[in-house]
Structure formats: structure tokens, C-alpha cells
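Secondary and tertiary structure notes
Now for the letters of each chain:
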Amino acid sequence: MADKFSRMLTELDQTRKELIEENKRLKVKLERYSSISWIDSCACYKYGMTYNVKKRIVVFDNPKEETKKDRSLFAGLGNVAGEILKKLKGEK
């Protein structure tokens with residue numbers, strides 16, 4: 001009986017050591033998978049995702065810009081005075 005328990009104890013001790021080593025390997029793997037540089041390399045090489053601005057083509061659309069009337073106090077007064085002078089002269 002003592003011999004049987006001794007073998008069980010030896011087996012359990014060996015299993016415990018193996019589990020400790022596996023736990024260490026898994027922690028290293030977790031650190032690697034959690035690293036930003038690893039995630040960045042996977043996104044870049046495996047999935048073609050990149051944020052490299054030099055390789056991008058940027059197209060700008062140049063819409064026609066309408067001139068807006070200046071609504072500030074003095075500019076507004078100047079516009080009104082100009083309109084009054086035109087009407088007094090008979091211009092439209």
C-alpha cells in the first residue's frame with residue numbers, strides 16, 4: 001500500500017512540475033499576444049492593414065466656393081450704404 005501511494009505521489013509531483021512548465025509557456029505566449037508590436041505586425045502582414053501614410057493616395061475634391069457676404073457690423077454698414085447709393089443713382 002505504501003509503495004502504491006509512493007508511486008501516486010511521484011506521478012502527481014511529476015504532473016505538477018509539467019503543469020508549472022506549461023503555465024510558464026502559456027504566460028510567455030500571452031505576453032506575446034498582448035504586445036502591441038505583435039498585433040501591429042499581424043495586422044500589417046497577415047491582413048494587409050497599414051497606417052503608412054507614404055503609400056496612401058489622397059484625392060481632394062475642390063468644390064466651388066461661393067463668396068459669402070461679410071456680416072460683421074462695419075462691412076454690413078458699407079454694403080447697405082453701397083446699396084443705397086446705387087438706388088439713388090438709379091442703378092439696380
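As the structure is a computational prediction, the values presented were derived from the model and not from experiment.

So, the overall build of the chain
- On a plain count of helices and strands, the chain comes out with 3 helices and 0 strands.
- Ordering the α and β elements of the chain from the N terminus gives α-α-α.
- For the chain, buried positions account for 1% of its 92 residues.
- Total accessible area on the chain is roughly 9,800 Å²; 60% of this is exposed by carbon and sulfur atoms.

Comments concerning the packing of helix 1 (residues 2-34) against helix 2 (residues 36-46)
- Contact geometry of helix 1 with helix 2 gives a least axis separation of 5 Å together with a crossing angle of 60°. Compared by their axis directions, helix 1 and helix 2 come out oblique. Between helix 1 and helix 2, the contacting residues are Arg32, Tyr33 and Ser34 on the first element and Ile36, Trp38 and Ile39 on the second.
- Counted by class, the contact of helix 1 with helix 2 contains 4 nonpolar, 1 polar and 1 charged residues.

Re the confidence of the model for the chain
- Overall, the prediction assigns the chain a mean pLDDT of 81, with 71% of residues at 70 or greater.
- By mean pLDDT, the top-scoring element of the chain is helix 1 (95), and the lowest-scoring one is helix 3 (residues 73-89) (75).

Overview of the pattern of salt bridges
- Under the counting rule described, the total for this entry stands at 5 salt bridges.
- A salt bridge links aspartate 3 to arginine 7; the nearest nitrogen and oxygen atoms lie 3.3 Å apart. With aspartate 3 and arginine 7 both in helix 1 and 4 residues apart, the pair spans about one turn of that helix.
- Accessibility expressed as a relative area gives 48% for arginine 7, which makes it partly exposed.
- Salt bridges sharing partners connect three or more residues here, namely Asp13, Arg16 and Lys17.

Focus: a nonpolar patch on the surface
- There is a patch of nonpolar side chains on the surface, built from Val80, Ile84, Leu85 and Leu88 and spanning about 410 Å² of accessible area.
- Structurally, the position occupied by valine 80 is in helix 3.
- Taking the relative accessible area as the measure of exposure, valine 80 reaches 45% and is therefore partly exposed.

What counts and how
- Residues numbered from 1 in each chain as written.
- Predicted model: local features only at pLDDT ≥ 70, side-chain atom pairs only at ≥ 80, totals over all residues.
- Heavy atoms only, no water.
- Helix = DSSP H or I, 4+ residues; strand = E, 2+ residues; numbered from the N terminus.
- Buried < 20%, exposed > 50% of the residue type's maximum accessible area, 1.4 Å probe, protein only.
- Areas by Shrake-Rupley, 256 points an atom, 1.4 Å probe, with all protein chains shown as cover.
- Axes fitted to C-alpha atoms, helices over the stretch in contact; angles between N-to-C directions.
- Parallel < 35°, antiparallel > 145°, perpendicular 65-115°, else oblique.
- Contact = heavy atoms within 4.5 Å.
- Nonpolar A, V, L, I, M, F, W, Y, C, P; charged D, E, K, R; others polar.
- pLDDT = per-residue confidence, 0-100.
- Salt bridge = Lys/Arg side-chain N within 4 Å of Asp/Glu carboxyl O.
- Patch = residues over 30% accessible without salt bridge, like charges linked within 9 Å, V, L, I, M, F, W, Y side chains within 5 Å.

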